[in-house]
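# Secondary and tertiary structure notes
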Amino acid sequence: MRKLITAIIILLTYTISIGLFFSNRIMYIKKKEEKFILDRELKEQRFILSDYESLEKEEIIIPSSFGYDIKGTIIPSKKESRKFMIICHGVTMNRINSIKYMYLFHHRDFNVIMYDHRRHGESGGTTTSMGHYEKYDLQTVVHWTKEQFGNNITLGIHGESMGAVTTLLYAGMLEDGADFYIADCPFSDLEEQLTYLIRKDFKLPKQAVLPFGNTFLKWRDKYAIKDVSPISCVQNIQNPVLFIHSKDDDYILPTMSRQLYQKKNGPKKLVIAPKGSHAYSYGDNPELYEKVIDDFLHDFI
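This is a predicted model, so every value here is computed, not measured.

Here we take up the packing of aromatic side chains. Counting across every chain of the model gives 17 aromatic pairs. Ring plane angle 75° and centroid distance 6.2 Å describe the contact between phenylalanine 110 and phenylalanine 180, whose orientation is recorded as edge-to-face. Of this pair, phenylalanine 110 sits in the loop between α4 (99-106) and β4 (111-115) while phenylalanine 180 sits in strand β6 (residues 180-184); the two residues are 70 residues apart in sequence, bridging distant segments of the chain. The burial state of phenylalanine 110 is the same as that of phenylalanine 180; both residues are buried. Seen from their ring centres, phenylalanine 216 and tryptophan 219 are 5.7 Å apart, and the 85° between their planes marks the pair as edge-to-face. One end of the pair is phenylalanine 216 and the other is tryptophan 219, both in helix α8 (residues 210-221) and 3 residues apart, which spans about a single turn. Given a relative accessible area of 12%, phenylalanine 216 falls into the buried group. In this structure tryptophan 219 comes out as exposed when scored by relative accessible area, which is 59%. Ring-pair connections join several aromatic residues into one group, and the members of that group are Phe66, Tyr68, Tyr133, Tyr136 and Tyr223. One residue, lysine 57, lies across the ring of tyrosine 52, its end atom 4.6 Å from the ring centre. For the cation-ring pair, arginine 118 lies above phenylalanine 66, with the distance from its terminal atom to the ring centre recorded as 5.5 Å.

Turning to a nonpolar patch on the surface, a few remarks are in order. Judged by side-chain polarity, Leu12, Ile16 and Leu20 come together as a nonpolar surface patch covering roughly 250 Å² of accessible area. With respect to the helices and strands, leucine 12 occurs in helix α1 (residues 2-27).

A word on the sheet that holds strand β1 (residues 58-63). Spatially, the 8 strands line up as an open sheet ordered β1-β2-β4-β3-β5-β6-β7-β8, and their pairing is mixed. Looking along the sheet, the strands with just one partner apiece sit at the ends: β1 and β8 (268-273). Taking the axes of each pair of neighbouring strands and ignoring which way they run, one obtains an average angle of 20° across the sheet. The sheet contact formed by strand β3 (residues 83-88) and β4 spans 5 bridges and is parallel. In the strand pairing of β4, isoleucine 87 is matched with methionine 114. Packing against the sheet, α4 makes contact with β2 (69-75), β3, β4, β5 (154-160) and β6, and its axis sits at approximately 165° to β4. Running at roughly 175° to β8, helix α11 (residues 286-300) makes contact with β5, β6, β7 (241-246) and β8 of the sheet.

How each quantity is defined
Residues numbered from 1 in each chain as written. Predicted model: local features only at pLDDT ≥ 70, side-chain atom pairs only at ≥ 80, totals over all residues. Heavy atoms only, no water. Phe/Tyr/Trp six-rings, centres within 6.5 Å; stacked < 30°, edge-to-face > 60°. Helix = DSSP H or I, 4+ residues; strand = E, 2+ residues; numbered from the N terminus. Buried < 20%, exposed > 50% of the residue type's maximum accessible area, 1.4 Å probe, protein only. Lys NZ or Arg CZ within 6 Å of the ring centre and 35° of its normal. Patch = residues over 30% accessible without salt bridge, like charges linked within 9 Å, V, L, I, M, F, W, Y side chains within 5 Å. Areas by Shrake-Rupley, 256 points an atom, 1.4 Å probe, with all protein chains shown as cover. Salt bridge = Lys/Arg side-chain N within 4 Å of Asp/Glu carboxyl O. Pairing = 2+ DSSP bridges. Axes fitted to C-alpha atoms, helices over the stretch in contact; angles between N-to-C directions. Contact = heavy atoms within 4.5 Å.

This is the structure in structure tokens:
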């Protein structure tokens, strides 16, 4: 009996420890400090601060359906334009990381909206959900944009990493509400991504972690791992999607973008950049990236 009780205590302790550790890693993933992000972007010459500060811009506040404020920035085109681009940053980042992409589209006469995801930057929210709740905030930003500027605008969405996942989940699960999408280094399925990282970082099989972590995630944040799966809904996206990934990305493998591309129906493109680690397709292949964007816009928009 004593051995049985001891075994039960050990099992419960393991379950609780793994469940809390796993769910904390997702819900409260450590964010990068704003100064770190800014310093890195400036050091890597992604933009010149004085040039950015001189641009006409407006800070915006959009109420989330979850009761907090979504904060962002809109940078109007220098020419009168009905083209708009919404940019979704990656996990641990904020909209400072989106400035390099802002310039990419601003130079192509787009009005650009950058915003902070929930629990990131200046936006509210208490947890990160790797795209699950974030997709509803993106929907809110899309609706706000159309309410402000009309339904007859040309609207695109660019997402990087978790922002790309958010973009695909929004388009595939909620509404295909933009005219085109650019998904830069998304994962295709959260369970598959976590399985890869658990094996890579902790040398453990998924069975030792995911069942317990998933239970705690559902209990604490009211969604399951299976709910974050672009591969399960990408076939619903009818409007054009450009998938971009770096060949050498070892955090989210480029095979995931290939899987998404193969599953997506209708107009689409896939580009695997020859250089760059995770989320560095543009940073390390700027000329290729810009040509790919121009070709995509020419072909589909």
